[in-house]
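So the chains spell out like this:
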Amino acid sequence: MNKKKYFISEEASLKWLESHCIYNIFSDELYEIDDSAFEFFKSCASGNGCNSCNISDVEFLKFSVEEGLLSKSRKAPRKIPSRQSPVPSLRYLELQITNRCNLSCRHCYIGKKSTVELDIDAIRKIMNEFEEIQGLRLLITGGEPLLYSRFDELNSMLHDYEFRKILFTNGLLLDSEILGKLNVNEIQISIDGLNEAHDFIRGKGTYEKSIEAVKMVAGTSFQVSVSTMVHTRNLNDFDEMGRIFSEIGVRDWSVDVPCIAGFLKDNPDIVPPPDVAGKYLRYGFGEGLHGGGAGYVCGLHLMSVMADGRAAKCSFYSEDPVGHIGEGLEICWKRVEHAPLSDLDCNCAHLDTCRGGCRYRASLSGNARSGDPYRCAAFLGSD
Ligand code: SF4
Ligand code: SF4
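Chemist: Could you give an account of the site of ligand 1, naming the residues involved and the relevant values?
Modeler: Ligand 1 sits among nine residues. The nearest are Cys298, Gly299, Cys314, Cys358 and Tyr360. Partitioned by chemical class, the residues of the shell around ligand 1 number six nonpolar, two polar and one charged.

Chemist: Just give me the short version of the sheet that holds strand S13 (residues 302–305), but keep the residues and values in it.
Modeler: One open sheet accounts for nine strands, arranged S12-S11-S10-S9-S8-S7-S13-S14-S15; its pairing is mixed. A single partner strand is all that each edge strand has here, and the edge strands are strand S12 (252–256) and strand S15 (323–324). Judged from the four bridges that link them, strand S9 (residues 164–169) and strand S10 (residues 186–190) form a sheet pairing that is parallel. In the sheet register, Phe168 faces S10, and the bridge partner there is Gln188. Here helix H3 (residues 120–132) sits on the sheet and contacts strand S7 (92–96), strand S8 (137–141) and S13; the angle it forms with S7, its principal contact strand, is near 175 degrees.

Chemist: Talk me through the site of ligand 2; I want residue IDs and the actual numbers.
Modeler: Lining the immediate environment of ligand 2, one finds Cys346, Cys348, His350, Leu351, Cys354, Gly356, Gly357, Gly371, Asp372, Arg375, Cys376 and Phe379. Secondary-structure elements contributing two or more residues to the shell around ligand 2 are helix H11 (351–354) and helix H13 (373–382). Considering every element that reaches the shell around ligand 2, the biggest residue donor is H13, with three residues.

Chemist: Mind laying out the environment of Glu129, listing which residues take part and the relevant values?
Modeler: With respect to the element layout, Glu129 can be found in helix H3. Residues Glu129 and Val224, spaced 95 residues apart in sequence, show a C-alpha to C-alpha distance of 27 Å. Setting aside residues no more than four positions away along its own chain, Glu129 makes contact with Gly328, Leu329 and Glu330.

Chemist: Describe the packing of helix H6 (residues 195–202) against helix H7 (residues 206–218), with residues and values.
Modeler: The geometry of H6 relative to H7 is characterised by a closest axis approach of 8 Å and an angle of 105 degrees between their N-to-C directions. Our classification of the angle between H6 and H7 gives roughly perpendicular. Residues Asn195, His198, Asp199 and Arg202 of H6 pack against Thr206, Tyr207 and Ser210 of H7. Residue composition of the contact of H6 with H7, by class: one nonpolar, four polar and two charged.

Cut-off values and rules
Residues numbered from 1 in each chain as written. Chains lettered and ligands numbered in written order. Predicted model: local features only at pLDDT ≥ 70, side-chain atom pairs only at ≥ 80, totals over all residues. Near = placed C-beta within 6 Å. Nonpolar A, V, L, I, M, F, W, Y, C, P; charged D, E, K, R; others polar. Pairing = 2+ DSSP bridges. Helix = DSSP H or I, 4+ residues; strand = E, 2+ residues; numbered from the N terminus. Contact = placed C-beta atoms within 7 Å. Axes fitted to C-alpha atoms, helices over the stretch in contact; angles between N-to-C directions. Parallel < 35°, antiparallel > 145°, perpendicular 65-115°, else oblique.

See below:
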């Protein structure tokens, strides 16, 4: 019988979502486990380690070590969930910590500039509540989050939490000094085309700085991802962008079409129509960050908190908030409505994969039940 001691590794965290799980924060893998495995992992979380006297399944132990969930060397205690999360679980929380920004991108959905920010104590409370209900990923956004007035304080708090932290940035402020102290797992940088197309959207000289930032992050222990918006000037850039991002070692490349909101209300002509833009949604690779859930439309496990404290289904629904974060994260989350796929007018073989696309974009047609025309065009072209 195996008598070695095992400890939960510092990149793993026990979660009690719809079922018992263990999450690898670093690889972003979530493993559903049965009750006896959960009890075993709990005993390994104390900091004293657990010997495997009750575990005869050598393959299970080997797999857990290989997946970075268990360690044979001593680790600090890990947190044990005291209760089940709400169902559906809030797994992904977008936190717009500030509206400050150093750019005025033509497609920015936030629109007019402001200096509104979340209070640092409010952020700590939100993160405590998010961990309490077993959150998986904190998406730290803005504005430009590195312009948050108390970013250093926020950054130093991040170590305390057992969820994955992802910083969304335009990359212009990243340098080796900031990278040397950031406490996040992943950095996502926006690249909206090659040189000319990107600069058209974001301002002269920004492409060079942003792509350098992607390369710089790729040379560190942080994981790097890229997001790209399809617009009229970058349509010929996608093959080359894909080649560049793969070569650099980008983990995820998410491609989307901007919704007509914020500054885009003044620039709607930079968004190509569905029959032109749809096929570009088939570019990109990796898992994406919004994650869906079987049987429901987008965002089953997502909520956004705006810089002024409003909480909404996602940031596009900021004008239709479910409450203010001061009321409590869980209270706001429980007010978010989740539409089943059966509510949609979509009558299509791709429904389980597509889930009706982006529901905000679909609703801009005036019919909240209709398909997302950009996703329809993307899937139509793939048949
Ligand atoms: S409405 Fe669009 S932006 Fe919002 S969660 Fe759904 S896919 Fe994402
Ligand atoms: S492709 Fe269009 S019709 Fe089909 S599920 Fe997606 S949005 Fe609905």
